[in-house]
Amino acid sequence: MIGNMLYAHLADIHERLRGFPVEKNISTARFNEILDLHRADGWHRVYEYTGPDAWIDYGRIHLKNGRTVLRFRWNNYDEGSVTGPRGNIEDIARLVR
């Protein structure tokens with residue numbers, strides 16, 4: 001558990017330092033569709049939050065394809081968001097709209 005928390009914290013620092021864009025306020029249904037599309041397209045899980053409230057109040061999963069990592073987050077207030085390299089987030093933004 002500590003290793004997973006450390007990984008998530010370091011990923012947050014990496015996002016801020018690199019200035020990765022984020023697509024926010026994705027409805028839960030659309031968020032799940034986008035997550036499923038990426039998994040079906042060969043993206044694999046490298047991290048998933050597994051706390052007692054996982055996917056009830058808060059969810060987080062990082063998917064990787066090649067060297068690219070996308071960070072999917074969900075909570076029951078803001079719903080979904082995805083952070084990653086600009087080109088990937090632009091593709092996701094087109095799926096959201």
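Residues numbered from 1 in each chain as written. Predicted model: local features only at pLDDT ≥ 70, side-chain atom pairs only at ≥ 80, totals over all residues. Heavy atoms only, no water.

### With respect to the side chain of Glu 48
Then comes step 1: Summarising the element assignment, Glu 48 is placed in strand 2 (residues 44-48).
Then comes step 2: If sequence neighbours within four positions are ignored, Glu 48 has contacts with Arg 39, Trp 55, Arg 60 and Ile 61. (Helix = DSSP H or I, 4+ residues; strand = E, 2+ residues; numbered from the N terminus. Contact = heavy atoms within 4.5 Å.)

### Notes on the packing of aromatic side chains
Then comes step 1: Inspection of every chain in the model, using the stated rule, returns three aromatic pairs.
Then comes step 2: Ring plane angle 70° and centroid distance 5.9 Å describe the contact between Phe 31 and Phe 72, whose orientation is recorded as edge-to-face. Note that Phe 31 is positioned in helix 2 (residues 28-40) and Phe 72 in strand 4 (residues 68-75), a separation of 41 residues in sequence.
Then comes step 3: Phe 72 sits in the buried class, given a relative accessible area of 0%. (Phe/Tyr/Trp six-rings, centres within 6.5 Å; stacked < 30°, edge-to-face > 60°. Buried < 20%, exposed > 50% of the residue type's maximum accessible area, 1.4 Å probe, protein only.)

### Quick look at the packing of helix 2 against helix 3 (residues 86-96)
Then comes step 1: Taken N-terminus to C-terminus, the directions of helix 2 and helix 3 make an angle of 130°; their axes are 10 Å apart at the nearest point. Regarding the angle of helix 2 to helix 3, the classification is oblique. Taken as a pair, helix 2 and helix 3 cross one another with a handedness that is right-handed. Judged by residue contacts, Arg 30, Ile 34, Leu 37 and His 38 of helix 2 engage Ile 92, Leu 95 and Val 96 from helix 3.
Then comes step 2: Residue composition of the contact of helix 2 with helix 3, by class: five nonpolar, one polar and one charged. (Axes fitted to C-alpha atoms, helices over the stretch in contact; angles between N-to-C directions. Parallel < 35°, antiparallel > 145°, perpendicular 65-115°, else oblique. Left-handed = near helix turned anticlockwise from the far one by under 90°. Nonpolar A, V, L, I, M, F, W, Y, C, P; charged D, E, K, R; others polar.)

### A few points about the sheet that holds strand 5 (residues 79-83)
Then comes step 1: With antiparallel pairing, five strands are arranged side by side in an open sheet as 1-5-4-3-2. Strands at the two margins of the open sheet, each flanked by one partner only, are strand 1 (22-26) and strand 2. For this sheet the average axis-to-axis angle between neighbouring strands, irrespective of direction, equals 20°.
Then comes step 2: Relative to strand 5, strand 4 runs antiparallel, the two sharing five bridges. Across the sheet, residue Trp 74 finds its bridge partner in strand 5, namely Gly 80.
Then comes step 3: Packing against the sheet, helix 2 makes contact with strand 1, strand 2, strand 3 (58-65), strand 4 and strand 5, and its axis sits at approximately 155° to strand 4. (Pairing = 2+ DSSP bridges.)

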